[in-house]
Amino acid sequence: MTPTSLSDAVQDRSRRHIIPLSGGKDSTALAVYMLERHSDLPLEFVFTDTGAELPETYSYLRRFEAIFGVEINRLTALDLPELQVRSKGGRRSPFDVLLNEVYSGFLPNPQARWCTRMLKIKPFEHFVGGDNAFSYIGIRADENREGFRGASAGPSPEDDEVQPETGRAKPVVLSNRNNILPVYPLKDIGFGLDEVRDLLLGSGLGLPPYYDWRSRSGCYFCFYQQVGEWQGLKERHPELFEAAKTYEVTKANGRRFTWSQTRSLEELEKLRERYATPTGEPEDGCAICHL
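Residues numbered from 1 in each chain as written. Predicted model: local features only at pLDDT ≥ 70, side-chain atom pairs only at ≥ 80, totals over all residues. Heavy atoms only, no water.

J.: Describe the overall build of the protein chain, with residues and values.
T.: Tallying secondary structure elements over the protein chain gives eleven helices and five strands in all. Residues counted as buried form 55% of the 291 residues belonging to the protein chain. When the accessible surface of the protein chain is split by element, carbon and sulfur atoms take 46% of a total near 13,300 Å². (Helix = DSSP H or I, 4+ residues; strand = E, 2+ residues; numbered from the N terminus. Buried < 20%, exposed > 50% of the residue type's maximum accessible area, 1.4 Å probe, protein only. Areas by Shrake-Rupley, 256 points an atom, 1.4 Å probe, with all protein chains shown as cover.)

Set out below in structure tokens:
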């Protein structure tokens, strides 16, 4: 899908202008930039809640609302009419509903990222509906990471991720629907990592606090986390680390499901070595969750 330039998008008042926020620095910096430079647009802000975000993410988004006097639309997969969960009792998270009632307890993993497709993309598409809209995406001008690929909204999470003619990853999009056009303002204005940091610090919002011990936004049990990040989760949020452990079970057929591809969380917490917190940009992961 051919992206729309920022200059063309801001002149088009016939479409909705939607800025999805992940709680990460890049999507937040994009939102700040649009508010500061294009506040005349009818900007809409959305956050798709998996029910498994870090406490720091929720507080950061509330701080964004308070500083800029805007409201973020909270979306969840529970809004999807096909799930029909609104009448059911209990306080189940969107992730748990999908895990247990749609995917029969099969945990997502890098090869089957149903979490991105069902918890992030489909609620966003439901929110937009059939309206013509621009989706503003926080890919920076200095982005060059093979792991940051668009997650398909189709039947398989790997569909359309690679351009067959070049073998390279396609540009990140939140939807392949023709009525939702991607816009990459940070790329268009030449903003890299330094500019993103300066913008957030200068706005008074600052960087998300979890970057002290984690390299990415997203679910607390994200399977892309490195050992040092899992150890950081146990140190900062031991209750969430224990909650993540409860998902790791051995099936009746003897197959074992774990978040990490190399060891269980019980094995990980027994490690004597304290691994370093990853620095710089994560080289793997899903841009939709981690921007």
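Still more ground to cover, so stick around.
J.: Quick rundown of the environment of Asp188? Include the residues and the values.
T.: Residue position: Asp188 is located in helix H6 (residues 185–188). With 181 residues separating them in the primary sequence, Asp188 and Ser7 have C-alpha atoms 8.7 Å apart. At a separation of 2.8 Å, a polar atom in the side chain of Asp188 contacts the main-chain amide nitrogen of Leu6. (Polar contact = N/O pair within 3.5 Å; in protein donor to acceptor, adjacent residues only side chain to side chain.)

J.: Any chance you could break down helix H8 (residues 227–236) for me, citing the residues and the numbers?
T.: Counting buried positions along H8 yields seven of ten residues, so the element is predominantly enclosed. Within the span of H8, buried status applies to Val227, Gly228, Glu229, Trp230, Gln231, Gly232 and Leu233. Taken together, the buried residues of H8 touch helix H9 (238–245) and helix H10 (265–268). (Contact = heavy atoms within 4.5 Å.)

J.: Tell me what's going on with the sheet that holds strand E2 (residues 43–48), and back it up with residues and numbers.
T.: The strand order across the open sheet built from five strands is E3-E2-E1-E4-E5, with neighbouring strands paired in parallel fashion. Sheet topology places strand E3 (72–75) and strand E5 (180–183) at the edges, where each strand pairs with a single neighbour. Sheet twist, expressed as the average angle between the axes of neighbouring strands with direction ignored, equals 35°. Two elements, strand E4 (residues 133–136) and E5, share four bridges in a ladder whose sense is parallel. For Tyr136, the partnering residue across the bridge sits in E5 and is Val183. (Pairing = 2+ DSSP bridges. Axes fitted to C-alpha atoms, helices over the stretch in contact; angles between N-to-C directions.)

J.: Summarise the packing of aromatic side chains; cite the residues concerned and give the values.
T.: On inspection of all chains with the given rule, the structure shows 18 aromatic pairs. On the numbers, 4.6 Å between centres and 45° between planes, the contact of Phe95 with Phe221 is tilted. Placement of Phe95 in helix H4 (residues 94–101) and of Phe221 in the loop between helix H7 (193–203) and H8 is noted, with a sequence separation of 126 residues between them. Of the two residues examined, Phe95 and Phe221, each falls in the buried class. A connected cluster of aromatic rings, assembled from ring pairs, spans Phe95, Tyr103, Trp114, Tyr220, Phe221, Tyr247 and Trp259. The residue whose ring lies beneath Arg15 is Phe134, and the NZ or CZ to ring-centre distance is 5.5 Å. (Phe/Tyr/Trp six-rings, centres within 6.5 Å; stacked < 30°, edge-to-face > 60°. Lys NZ or Arg CZ within 6 Å of the ring centre and 35° of its normal.)

J.: Any chance you could break down the confidence of the model for the protein chain for me, citing the residues and the numbers?
T.: Parts of the model with low pLDDT should not have their predicted coordinates read in detail. Model confidence for the protein chain is summarised by a mean pLDDT of 86, while 85% of its residues fall at 70 or above. Across the protein chain, the element-wise mean pLDDT spans from 73 in helix H11 (residues 287–290) up to 98 in E2. Low pLDDT, under 50, characterises residues 145–167; the stretch is placed with 63 contacts to residues that sit more than four places away or in other chains. (pLDDT = per-residue confidence, 0-100.)

J.: Outline the pairing of E3, supporting the account with residue identities and numerical values.
T.: Where E2 lies against E3, four bridges are found, and the strand directions are parallel. Across the sheet, Val46 pairs through a bridge with Asn73, a residue of E3.

J.: Got a sec to walk through H9? Specific residues and values, please.
T.: Listed as buried for H9 are Leu240, Phe241, Ala244 and Lys245. All buried residues of H9 fall inside an arc of 150° around its axis, so they share one side. (Arc of directions from axis to C-beta.)

J.: So, the pairing of strand E1 (residues 16–21): which residues are in play, and what are the values?
T.: Of all six residues that make up E1, six are buried, and the element is covered over most of its length. What you see with E1 is no split at all: Arg16, Ile18 and Pro20 on one side and His17, Ile19 and Leu21 on the other are buried throughout. When E1 meets E2, the two strands line up parallel, connected through five bridges. Across the sheet, residue Ile19 finds its bridge partner in E2, namely Phe45.

J.: I'd like to hear about the nonpolar core, residue by residue, with values.
T.: Ranked by size, the top nonpolar core spans 33 residues in total, and within it Phe95, Tyr220, Phe221, Trp230 and Trp259 carry the most contacts. Residue assignment for this core shows that the elements contributing at least two residues are H4, helix H5 (114–128), H8, H9 and H10. No fewer than three residues from each of domain 1 (1–85 + 114–144 + 176–219) and domain 2 (220–276) sit in this core. Here Tyr220 is in contact with Ala52, Leu54, Arg214, Gln225, Trp230, Leu233, Leu240, Ala243, Ala244 and Tyr247, once residues within four sequence places are set aside. Counting residues in each nonpolar core, the second largest holds 31 residues, with Ile19, Leu21, Phe47 and Leu200 among its members. (Core = buried A, V, L, I, M, F, W, Y, C linked by side-chain atoms within 4.5 Å. Domains from an automatic or database assignment.)

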